[in-house]
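# Topology and contacts: notes
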Amino acid sequence: MSPLRAGVVLRHVCRSLLVLALVGMPREVAAHAVLVESAPADGATLATSPGEIRLTFNEPVAPIAIRLLDGAGTPVAGIAVEAIDRTVMLRLGGELPTGTYVVSYRVTSQDSHAVAGSILFAVGTAVVRPQQAAAAADGWRIVVAMNRFLWLGLSLAAAGLALFLMLCGTILEPGQVRRLERLLLFAAVSALPLALLAVGLAGGLLLDAGAAGLLDADSWRVGSTTTLARSMAVGFVGLAISALSARLTSSRAGSAVRGIGVLLVVGSFGLTGHAATVEPAIAMGPAVALHAGLGAFWWGSLLGLGVVLRGLAPITAAPVVRRFSRAAVAAVAVLLALGIAIGLVQLRRLSALVEPGYGLVLCGKLLLAGGLLGIASYNKLRLMPRLAGGDAAALQTLRRTVRAEQALVLVVFAATAALGQLPPPRTEAAASEAVTAETVSSNGGKATVAISPGRAGRNEIFLQLTDATGQPLAAQEIGLAVSLPSAGIEPIRRRLHEVAPGRYHLPELILPMSGRWNVRVEALVSDFDKRNFTLEADIR
Amino acid sequence: MIRLSLAATAAAAFALLAGIASAHVTLEASKAPADSTYKAVLRVGHGCDGAATTKIRVQVPLGVRQAKPMPKPGWELTTVVEKLPEPYDWYGTMITEEVREIEWSGGKLPDAFYDEFVFRGRLPDESGAVISFPVVQECETGVHRWIEIPEAGKSADDYEEPAPQLTLTPKPAD
């Protein structure tokens, strides 16, 4: 090319660039693109595979990289990506099998700023929605605990009264037996709807559904996949049998049928919950069931005694009380021993007994049980002999102590229901077996992240932040952004909530696959001060 | 001839590139001489994800003295004054407290429009230093915190929400 021609070409190029620059100068409407809506929504559970996935932004975007990854981390084949105006569409070639999926997008907006993120959805199973407000989940937890409390009171009353009748039915008057049978029937029938309600509540809690979550079929479907649902089903059947055989105290066969009902109700407690499902489940499940059975006997007997003692004279009351006492002291000793053993497995270390949360509530429960044992011993050693001697005042005192014990048992049930909703220290200890990563930022602050169990799938995140002097760093908001650059997964963003000064928690985070995940913690210390920590964690 | 064309190309390319950071809140003049009176113009080109801006708060860093904001019609202007760790002499007067935070609130700047928020102050006498002015932009829904201060070795481009930065150049010889 001759120098003159080169000059002409160059001038043309410059002129067009100038025009382009003037035309391409920032227009007022040019904005930082933002994902406005997606179909399926982030965290959604779909019943069937979607035919296409739509990502809608607030302005036209150009896709740079869009991927659909399955639970194992392999990109799903046969995807056609199309950008139409403000929407990016992924047309799926075929049906997606059951599982969790990640849509990872990287697009460029009009101001050439790249915008990236990931959304999760599941086909046929449950995906927990991003925990945006811990307050909503707390509301669910309170309702679940209240339902559990009522369930404990009524189902164990039904089972316990059956046991009491088995023990003392032969020496009671027919009128009293009738009264106890009616009470049994009432307790069993009242507990039946609670079993059903528990399934819906469990699903609502898992999905962190809104206030009307119980009306949502999703809550019930998800609830039915939990161990709680299995436990409630067994309990339901047991209660139904108990209700139907309520009137059969006298016959041998009737007692056997009732016994099966009791076994089912008591056994249901060994099928669900922190305590029963921890390793070794084959020992812990039956241990919890036995613990529940002894508790049922205790509770049912207290109720039975309360009814029976109302109409009796001291001398006639003595045999009943004696029979109960003999069994009771042994029963409560085993109950307490089992309770301590189960509690220790959950605590992992004795010092956790005084820590707020699970530890203190368990401590309270143990103290109450100790109180019950004390009252029971007093009854056996002091009141029993006086009762046998015909002392009417002793009977009055016994009536009062039985009422006191009933009240204590109700408080123990409330504590048990609360324990079911608190994370046991065992899971925090499990965090030490989990993947931990630590980093120090430039201004001396330190962030320690524990991802438990540190495997692909459902994980729990514990975060500890300290400032340069080693004091816990309190922050207004903690944001977490996890990404897996090697597999092209753009940051998944979540908020953590505070459990103690400088300690933050995210109950559930689904990491779709293993690899070296990049974890970014953004701690908003004050309105104008944000500290970022970047860590890397190897997820198995 | 060719030199002029190259200059034009460079100018055009620069103009194109300048558009990229328009989503951020930035300072109009990102360089100023040390120890000079500087007019800080915060350019707000966007709301928060499409929502209109309703409040702009800027934190005046220690070292920038005698900060004075410019009122804006339709917006309420307030300042937060803080005691200084060390008083200093200002043309014969002892200064013990300074404006630390400036807030324009009560207005509404739709995402489609652009506005500037102005204040001035005396820059410190530290040539070569980079000063960050953290800005919190509150909108009808949502908040943008332009408060990330680049760590050593990194620049504002490495961050998603960097604080507007000002580089101090050497004082001109009188």
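Bear in mind that the values here come from a model prediction, so they are computed numbers and not experimental data.

## Details of the overall build of chain A
- Secondary structure summary: chain A contains 12 helices and 16 strands in total.
- Per-residue burial for chain A yields a buried fraction of 49% across its 540 residues.
- Residue pairs in contact within chain A that sit at least 24 positions apart in sequence constitute 67% of those at least 6 positions apart.
- Accessible surface, chain A as shown: approximately 24,200 Å² in total, 63% of it carbon and sulfur.

## A closer look at the overall build of chain B
- Helix and strand content of chain B: 1 helix and 12 strands.
- Along its sequence from the N terminus, chain B presents helices and strands in the succession α-β-β-β-β-β-β-β-β-β-β-β-β.
- Residue burial in chain B is summarised as follows: out of 174 residues, 43% are buried.
- Across chain B, every contact between residues at least 6 apart in sequence was considered, and the portion connecting residues at least 24 apart equals 70%.
- Carbon and sulfur atoms form 55% of the exposed surface of chain B, whose accessible area is close to 9,300 Å².

## What to know about the environment of aspartate 111 of chain B
Residue and element names in this part refer to chain B.
- You can see aspartate 111 is positioned in the loop between strand E7 (93-109) and strand E8 (115-122).
- A C-alpha to C-alpha distance of 5.0 Å links aspartate 111 and histidine 46, two positions 65 residues apart in sequence.
- At a separation of 2.7 Å, a polar atom in the side chain of aspartate 111 contacts the main-chain amide nitrogen of glycine 47.

## Comments concerning the sheet that holds strand E6 (residues 76-90) of chain B
Residue and element names in this part refer to chain B.
- Taken together, the 5 strands give an open sheet; going across it, the order is E6-E7-E4-E10-E11, and neighbouring strands pair in antiparallel fashion. Edge strands, defined here as strands with exactly one partner in the open sheet, are E6 and strand E11 (143-146). Each neighbouring strand pair of the sheet contributes to a mean axis angle of 15°, computed without reference to strand direction.
- Note: strand E10 (residues 135-139) against E11, 4 bridges, orientation antiparallel. If you follow glutamine 137 over to E11, its bridge partner there is histidine 144.

## Details of the side chain of glutamate 98 of chain B
- Mapping glutamate 98 of chain B onto the fold places it in strand E7.
- For glutamate 98 of chain B, the side chain forms a polar contact with the side chain of tyrosine 88 of chain B, separated by 2.4 Å.

## Re the sheet that holds strand E2 (residues 31-33) of chain B
Residues and elements named next belong to chain B.
- The strand order E2-E12-E9 describes an open sheet built from 3 strands, whose pairing is mixed. Each edge of the sheet is formed by a strand with only one pairing partner; in this case those strands are E2 and strand E9 (130-132). Ignoring which end each strand starts from, the neighbouring axes of this sheet average 35° apart.
- In the sheet, E2 pairs with strand E12 (residues 165-169) via 3 bridges, with the strands oriented parallel. Across the sheet, the residue bridging to proline 33 is threonine 169, located in E12.

## What about a positive patch on the surface?
All names here are of chain A.
- On the surface, a cluster of positive charge is contributed by Arg179, Arg182, Arg247 and Arg310.
- With respect to the secondary-structure elements, arginine 179 resides in helix H3 (residues 174-207).
- Arginine 179 gets classed as partly exposed once you look at its relative accessible area, which sits at 38%.

## Brief notes about unusual backbone geometry
- Here the amide bond leading from alanine 39 of chain A into proline 40 of chain A is cis, since omega sits at 5°, within 30 degrees of zero.
- Even without being glycine, aspartate 85 of chain A reaches a positive phi, approximately 55°.
- Structurally, aspartate 85 of chain A is set in the loop between strand E5 (79-84) and strand E6 (87-92).
- Look at aspartate 85 of chain A and you get exposed, because its relative accessible area is 57%.
- Phi at glutamine 66 of chain B takes a positive value of approximately 55°, unusual for a residue other than glycine.
- Mapping glutamine 66 of chain B onto the fold places it in strand E5 (residues 65-69).
- Given a relative accessible area of 27%, glutamine 66 of chain B falls into the partly exposed group.

## Remarks on the packing of aromatic side chains
- Counted according to the given criterion, the structure contains 10 aromatic pairs over all chains.
- Taken together, a centroid distance of 5.9 Å and an interplanar angle of 40° make the contact between tryptophan 298 of chain A and phenylalanine 324 of chain A tilted. Of this pair, tryptophan 298 of chain A sits in helix H8 (residues 281-309) while phenylalanine 324 of chain A sits in helix H9 (residues 314-347); the two residues are 26 residues apart in sequence, bridging distant segments of the chain.
- In this structure tryptophan 298 of chain A comes out as buried when scored by relative accessible area, which is 4%.
- Taking the relative accessible area as the measure of exposure, phenylalanine 324 of chain A reaches 7% and is therefore buried.
- Members of the aromatic cluster, connected to one another through ring pairs, are Phe297, Trp298 and Phe324 of chain A.
- Between arginine 65 of chain B and the ring centre of tyrosine 88 of chain B, over which it is positioned, the NZ or CZ distance is 5.8 Å.
- A cation over an aromatic ring shows up here: lysine 72 of chain B above the ring of phenylalanine 117 of chain B, its NZ or CZ 5.0 Å from the ring centre.

## Comments concerning the pattern of salt bridges
- A full pass over the atoms with the stated rule returns 29 salt bridges over all chains.
- The shortest N-O distance in the salt bridge between lysine 171 of chain B and aspartate 125 of chain B comes to 3.6 Å. Residue lysine 171 of chain B is located in the segment after E12, and its partner aspartate 125 of chain B is located in the loop between E8 and E9; the two are separated by 46 residues in the primary sequence.
- Three or more residues joined by partner-sharing salt bridges are found here, namely Asp527 of chain A together with Lys55, Arg57, Glu101, Glu103, Glu138 and Arg145 of chain B.

## Re the confidence of the model for chain B
Residues and elements named next belong to chain B.
- Considering every residue of chain B, the mean pLDDT works out to 86; 87% of them sit at 70 or more.
- Below a pLDDT of 50 lies the segment residues 4-21, which in the model reaches 18 contacts outside its immediate sequence neighbourhood of four places, other chains included.
- The complex prediction reports pTM at 0.49, with the ipTM value standing at 0.74.

## A word on the packing of helix H10 (residues 358-388) of chain A against helix H11 (residues 392-419) of chain A
Residues and elements named next belong to chain A.
- The interhelical angle for the contact between H10 and H11, taken along N-to-C directions, is 165°, at an axis separation of 10 Å. Between H10 and H11, the angle is such that the two are roughly antiparallel. In this structure, H10 crosses over H11, and the sense of that crossing is left-handed.
- Tallied by class, the residues present in the contact of H10 with H11 amount to 21 nonpolar, 5 polar and 3 charged.

## Examining the environment of aspartate 527 of chain A
- Within the secondary structure layout, aspartate 527 of chain A lies in the loop between strand E15 (515-526) and strand E16 (529-539).
- Taking the C-alpha atoms as reference points, aspartate 527 of chain A and glutamine 476 of chain A, separated by 51 residues in sequence, lie 8.4 Å from one another.
- Non-local contacts of aspartate 527 of chain A, meaning those with residues more than four positions away in its chain, are made with Gln476 of chain A together with Arg57, Val136, Arg145 and Ile147 of chain B.
- A polar contact is formed between the side chain of aspartate 527 of chain A and the side chain of arginine 57 of chain B, at a distance of 2.8 Å.

## Examining H10 of chain A
- Relative to the 45 Å expected for 31 residues at 1.5 Å per residue, H10 of chain A spans 43 Å between its end C-alpha atoms, a close match to the ideal helical length.
- Phi turns positive, to about 90°, at glycine 390 of chain A, one or two residues after H10 of chain A.

## What to know about helix H6 (residues 252-268) of chain A
- The end-to-end C-alpha separation of H6 of chain A is 25 Å, in line with the 24 Å expected for 17 residues at 1.5 Å each.
- Looking at H6 of chain A, one finds that the buried residues are Gly254, Arg258, Gly259, Gly261, Val262, Val265, Val266 and Ser268 of chain A.

## Brief notes about a nonpolar patch on the surface
- Side chains of Leu196, Phe236 and Val237 of chain A sit close together on the surface and give an oily, nonpolar patch of about 250 Å² of accessible area.
- Looking at the element boundaries, leucine 196 of chain A is found in helix H3.

Cut-off values and rules
- In this convention, every chain numbers its residues from 1, walking through the sequence in written order.
- In the order they appear in the text, chains get letters beginning with A and ligands get numbers beginning with 1.
- pLDDT decides what is reported in this predicted model: residues at 70 or higher carry local features, side-chain atom pairs at 80 or more are listed and counted, and totals for whole chains, interfaces and linings draw on all residues regardless.
- Values reported for side chains reflect all heavy atoms of the structure, with hydrogen atoms and water molecules removed beforehand.
- Strands here mean DSSP runs of E at least two residues long; helices mean DSSP runs of H or I at least four residues long; both are numbered from the N terminus.
- Buried, partly exposed and exposed residues are distinguished by accessible area as a fraction of the type maximum, computed with a 1.4 Å probe on protein chains only: under 20%, between the cut-offs, and over 50%, respectively.
- For this analysis, residues touch if any pair of their heavy atoms sits within 4.5 Å.
- Method for areas: the Shrake-Rupley scheme with a 1.4 Å probe, in which residue coverage is limited to the protein chains shown.
- Any pair of nitrogen or oxygen atoms within 3.5 Å is treated as a polar contact; in protein, a donor-acceptor pairing is required on top of that, and neighbouring residues in sequence qualify only through side-chain atoms on both sides.
- A strand pair is defined by DSSP finding two or more bridges across the two strands.
- Only the contacting stretch of a helix is used when fitting its axis, a line to C-alpha atoms as for every element, and angles between N-to-C directions run 0 to 180 degrees.
- Only residues whose relative accessible area exceeds 30% and that form no salt bridge are eligible for patches; like-charged ones are grouped when within 9 Å, while nonpolar side chains (Val, Leu, Ile, Met, Phe, Trp, Tyr) are grouped when within 5 Å.
- Just to be clear on terms, a salt bridge is a Lys or Arg side-chain nitrogen sitting within 4 Å of an Asp or Glu carboxyl oxygen.
- Only four residue types enter the charge count: Lys and Arg as positive, Asp and Glu as negative, with His and the chain ends excluded.
- By convention, charge coordinates are those of NZ in Lys, CZ in Arg, CG in Asp, or CD in Glu.
- Stacked, edge-to-face and tilted are the three classes for Phe, Tyr and Trp ring pairs, Trp counted by its six-membered ring, which pair at centre distances within 6.5 Å; planes under 30 degrees apart are stacked, over 60 edge-to-face, the rest tilted.
- Here, a charge over a ring is recorded when the distance from Lys NZ or Arg CZ to the ring centre is within 6 Å and its angle to the ring normal is within 35 degrees.
- The pLDDT value expresses, per residue, how confident the predictor is, ranging between 0 and 100.
- Angle categories: roughly parallel below 35 degrees, roughly antiparallel above 145, roughly perpendicular from 65 to 115, and oblique for all the rest.
- For any pair of crossing helices, the crossing counts as left-handed if the nearer helix is rotated counterclockwise from the farther one by less than a right angle, and right-handed if it is rotated clockwise.
- Ten residues, namely Ala, Val, Leu, Ile, Met, Phe, Trp, Tyr, Cys and Pro, are considered nonpolar, four, namely Asp, Glu, Lys and Arg, are considered charged, and the remaining ones, Gly among them, are considered polar.
- Residue count minus one, scaled by 1.5 Å, sets the expected span of a helix.

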